[in-house]
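Per-entry structural report
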Amino acid sequence: MTPFRAALNRLAALDVSGVARSYGLDELPERLNRAQLPALLVLPGEDRPLFGAAGEGFRAAAFSGGPKTVVYRPTHLLLVAPTLAGRGARAHLPRLAELIDAYFSALSDASMLDGALLEPASVQIEPGTFDYGGVAYHGCAFRHTWVIEC
């Protein structure tokens, strides 16, 4: 198994209190039903431009004479509830805040994913509405930045 794949599997195994199901790459469902929510989905990439903020375009990926490293940016997508007509995000915000706290509590105990990463994971949180399987959900994207030795 490749180092990146091993790290993704360890992320999928993260035990987050309050999450009904966590899906790794091999088990991502085409669609989710209410019984599967809230759910965490491991996605190997992110659907953002290659270079986000100014200055992020160039970053050392390896050091001469040192370990060969690669920087990965996977997304761990938390889906809480489908968006429904007449019910806005406000109805789900308290639950979402609790799940975000639970996520970081679990990650703080495994910030290097059991040795799969060379440095602790750096994570940006992006609460919002996310499309999955043709359905819009209230949730949060945890945008990870990992350094892995190749």
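Let me begin by describing the structure that accompanies this report. Chains are numbered independently. Their residues run from 1 in the order of the written sequence. Totals for whole chains, interfaces and linings use every residue, but because this is a predicted model, local features are given only for residues with pLDDT of at least 70 and side-chain atom pairs only at 80 or more, for both listing and counting. Note that water and hydrogens are dropped before the side-chain values are worked out from all heavy atoms of the structure.

1. Thoughts on the packing of aromatic side chains
- Whether two aromatic rings pair depends on their centres lying within 6.5 Å, for rings of Phe, Tyr and Trp, where Trp uses its six-membered ring; planes under 30 degrees apart make the pair stacked, over 60 edge-to-face, and the rest tilted. On inspection of all chains with the given rule, the structure shows five aromatic pairs.
- For the pair Tyr103 and Phe142, a centre-to-centre distance of 3.7 Å together with 10° between the ring planes defines the contact as stacked. Note that Tyr103 is positioned in helix H2 (residues 93-108) and Phe142 in strand E6 (residues 135-149), a separation of 39 residues in sequence.
- A 1.4 Å probe rolled over the protein chains alone gives each residue an accessible area, and that area as a share of the maximum for its type sets the label: buried under 20%, exposed over 50%, partly exposed in between. Judged by its relative accessible area of 1%, Tyr103 is buried.
- Grouped by ring-pair contacts, the aromatic residues Phe4, Tyr72 and Trp146 constitute a single cluster. Going along the chain from the N terminus, every DSSP run of H or I of four or more residues is numbered as a helix, and every run of E of two or more is numbered as a strand.

2. Topic: the nonpolar core
- Remark: nonpolar core denotes a set of buried residues (Ala, Val, Leu, Ile, Met, Phe, Trp, Tyr, Cys) joined through side-chain atoms within 4.5 Å. With 29 residues, the main nonpolar core has Leu14, Val16, Leu78, Tyr103, Leu113 and Trp146 as its most contacted residues.
- Mapped by element, the contributors of at least two residues to this core are helix H1 (3-12), strand E2 (39-43), strand E4 (75-82), H2 and E6.
- The greatest single-element share of this core, amounting to seven residues, is contributed by H2.
- Two residues qualify as a contact provided that any one of their heavy atoms is within 4.5 Å of a heavy atom in the partner residue. Dropping the residues within four chain positions of it, Trp146 is found in contact with Phe4, Ala7, Leu8, Leu11, Val70, Val71, Tyr72, Pro74, Leu113, Leu117 and Ala121.
- Core analysis: the next-biggest nonpolar cluster, separate from the first, contains 11 residues, Leu32, Leu41, Phe130 and Tyr137 among them.

3. Quick look at H2
- A helix is expected to span 1.5 Å for every residue after the first. A rise of 1.5 Å per residue sets the reference length of H2, with its 16 residues, at 22 Å; its end C-alpha atoms lie 22 Å apart and thus fit the reference within 8%.
- Contacts from the buried residues of H2 go to H1, E2, E4, strand E5 (122-132) and E6.

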